[in-house]
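Structural features, examined
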Amino acid sequence: SRVETTPFEGQKPGTSGLPKKVKVFIQPHYLQNFVQATFNALGADRVKGATLVVSGDGRYYSKDAIQIITKMAAANGVRRVWIGQNGLLSTPAVSAVVRERVGADGSKATGAFILTASHNPGGPHEVVSAIFS
């Protein structure tokens, strides 16, 4: 489905991704805006038929975020999404999968959404997974 939305103030990733408190990420359409903006920035020609890696360190809200990102990837024509078991892959592991893994059909990952808050505290009132793309 198509949902009309408006930009969020301060939703600009930097070298540390987009680290925000959980209460920010769970706002209606916040994560979806970021994910769609990333797909739009890549362009339909790089997204359609692509393979993405979506995983993280298991922080609070990661499982929900993985579901949202995966559904949006499908809606944007991504062909396959590789997710670590239980949504868990460390940042170095995601990097290795993107650079080195070749699927049974010869596919390679185009990129990744890594859900990690690194050294920041986790939990429902702390920093949710900073999202890198």
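Residues numbered from 1 in each chain as written. Predicted model: local features only at pLDDT ≥ 70, side-chain atom pairs only at ≥ 80, totals over all residues. Heavy atoms only, no water.

So, the packing of aromatic side chains
Considering all chains together, one arrives at three aromatic pairs under this definition. On the numbers, 5.4 Å between centres and 75° between planes, the contact of F25 with Y30 is edge-to-face. Judged by its relative accessible area of 2%, F25 falls in the buried class. An angle of 85° between the planes, with centres 5.9 Å apart, marks the rings of F39 and F113 as edge-to-face. Here F113 lies in strand β3 (residues 111-116) and F39 lies in helix α2 (residues 30-42), a separation of 74 residues in the sequence. Assessed through its relative accessible area of 3%, F39 is described here as buried. A residue is classified by how much of its surface remains accessible, and F113, at 2% relative accessible area, is buried. Chaining the aromatic ring pairs together yields one cluster made of F8, F25 and Y30. Directly above the ring of W82 sits R101, whose terminal nitrogen or CZ lies 4.0 Å from the centroid. (Phe/Tyr/Trp six-rings, centres within 6.5 Å; stacked < 30°, edge-to-face > 60°. Buried < 20%, exposed > 50% of the residue type's maximum accessible area, 1.4 Å probe, protein only. Helix = DSSP H or I, 4+ residues; strand = E, 2+ residues; numbered from the N terminus. Lys NZ or Arg CZ within 6 Å of the ring centre and 35° of its normal.)

Comments concerning the nonpolar core
Among the nonpolar cores identified, the biggest contains 20 residues, and L31, V35, F39 and F113 are the most heavily contacted of them. At the level of elements, α2, β1 (51-56), α4 (62-75) and β3 are the ones that each hand at least two residues to this core. For this core, the leading source of residues is α4, giving six residues. Every residue in contact with V35, bar those within four places of it in the chain, is listed here: I69, M72 and F113. Core analysis: the second largest hydrophobic core is formed by seven residues, W82, V94, V97 and A112 among them. (Core = buried A, V, L, I, M, F, W, Y, C linked by side-chain atoms within 4.5 Å. Contact = heavy atoms within 4.5 Å.)

Comments concerning the side chain of N33
Turning to its location among the elements, N33 is positioned in helix α2. Among the residues examined, N33 registers a relative accessible area of 12% and is labelled buried. Apart from the residues lying within four places of it in its own chain, the contact partners of N33 are T5, T6, P7, F8 and Q11.

Quick look at the pattern of salt bridges
A full pass over the atoms with the stated rule returns three salt bridges. The salt bridge involving R80 is made with D105; its shortest N-O contact spans 2.4 Å. Here D105 lies in the loop between α5 (91-100) and β3 and R80 lies in strand β2 (residues 80-82), a separation of 25 residues in the sequence. Taking the relative accessible area as the measure of exposure, R80 reaches 18% and is therefore buried. D105 sits in the partly exposed class, given a relative accessible area of 48%. (Salt bridge = Lys/Arg side-chain N within 4 Å of Asp/Glu carboxyl O.)

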